[in-house]
Amino acid sequence: MNDYKVTGIIIKSEPIGDYDRRLVLLTKEKGKISAFAKGALRPTNRFMGCVDPFTFGIFSLYAGSSSYSLTKVEVKNYFEGFRKDLNATFYGTYFLEIADYFGHENTDNVRLMRLLYRALTLLLDDSVSNDFVKTVYEMKAVMLEGLFPIPDENEDFPEGGRRAIRYVYEARAEDAFSFKVSDETFAELKKKTDSVCKNTFDKEFKSLSMIAFAEENT
């Protein structure tokens, strides 16, 4: 059998030739994989509208000799709110870039996928700031790779921030955002996370410049 069904989210979608699209999906079953949606750019193609970034659902695939081909999509969430909120879209695109960076083929990326899904959901929740979601998403994503150091007792760091980092470290990916801290403590968390990310990522994420531009013009 060369047919598979995977649950996942599209983290990248790019045109290939005149009519096809190459998708990168973060999936529950197979980690990060690529698949081709043939004819997706044709106006009457059945994949029109369901092969865009942020699309979450069940993807039916055919495994060829060297690649997967998409045969069907059962969309569960389009994250349609991003079409109306440009700032949230910039943050969401950044989250997709991090998922692409840390995603691995045939590796258990379930926690990363759950973290991504929850973070995208919270970007569309007006009761939570995008900056908070971004900071916690970065923290937890780096923690899942074992690359986020927990401040020890001798480090000059607020105790509330130390407790928050321990909470994020121990929490399930989808629950990592369920805490509150003072503005002062959050500023320290953000500073710490920015420093860790600077030392972790060996590339520049294009969406960060879009986030900075949006923040400067709001």
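Remember, predicted model here, so these are calculated numbers, not experimental data.

Glancing now at the overall build of the protein. Check the secondary structure of the protein and you find 6 helices and 5 strands. Reading the protein from its N terminus to its C terminus gives the helix and strand order β-β-β-β-β-α-α-α-α-α-α. Computed over the C-alpha atoms, the radius of gyration of the protein is 18 Å, within 12% of the 17 Å expected from 2.2 N^0.38 for a compact globule of 218 residues. Referenced to the eigenvectors of the C-alpha coordinate spread, the extents of the protein come out at roughly 60 × 40 × 30 Å. In the protein, which comprises 218 residues, the share counted as buried stands at 46%. Nonlocal contacts in the protein, meaning residues at least 24 apart in sequence, comprise 62% of its contacts between residues at least 6 apart. Split by element, the accessible area of the protein, about 11,700 Å² in all, is 47% carbon and sulfur.

The next point concerns the pattern of salt bridges. What the rule picks out here adds up to 12 salt bridges. Among the salt bridges present, the one from Lys190 reaches Asp131, with a minimum N-O distance of 3.1 Å. Of this pair, Lys190 sits in helix α5 (residues 183-200) while Asp131 sits in helix α3 (residues 130-144), placing them 59 residues apart in sequence. Of the residues examined, Lys190 reaches a relative accessible area of 23% and is grouped as partly exposed.

On to the packing of aromatic side chains, then. Scanning the entire structure with this criterion turns up 16 aromatic pairs. Ring geometry for Phe95 and Tyr137: centres 4.3 Å apart, planes at 25 degrees, overall stacked. Within this pair, whereas Phe95 is found in helix α1 (residues 86-102), its partner Tyr137 is found in helix α3, the two being separated by 42 residues in sequence. For Phe95, a relative accessible area of 0% corresponds to the buried category.

The rules we used
- Residues numbered from 1 in each chain as written.
- Predicted model: local features only at pLDDT ≥ 70, side-chain atom pairs only at ≥ 80, totals over all residues.
- Heavy atoms only, no water.
- Helix = DSSP H or I, 4+ residues; strand = E, 2+ residues; numbered from the N terminus.
- Rg over C-alpha atoms; globule rule 2.2 N^0.38 Å.
- Buried < 20%, exposed > 50% of the residue type's maximum accessible area, 1.4 Å probe, protein only.
- Contact = heavy atoms within 4.5 Å.
- Areas by Shrake-Rupley, 256 points an atom, 1.4 Å probe, with all protein chains shown as cover.
- Salt bridge = Lys/Arg side-chain N within 4 Å of Asp/Glu carboxyl O.
- Phe/Tyr/Trp six-rings, centres within 6.5 Å; stacked < 30°, edge-to-face > 60°.

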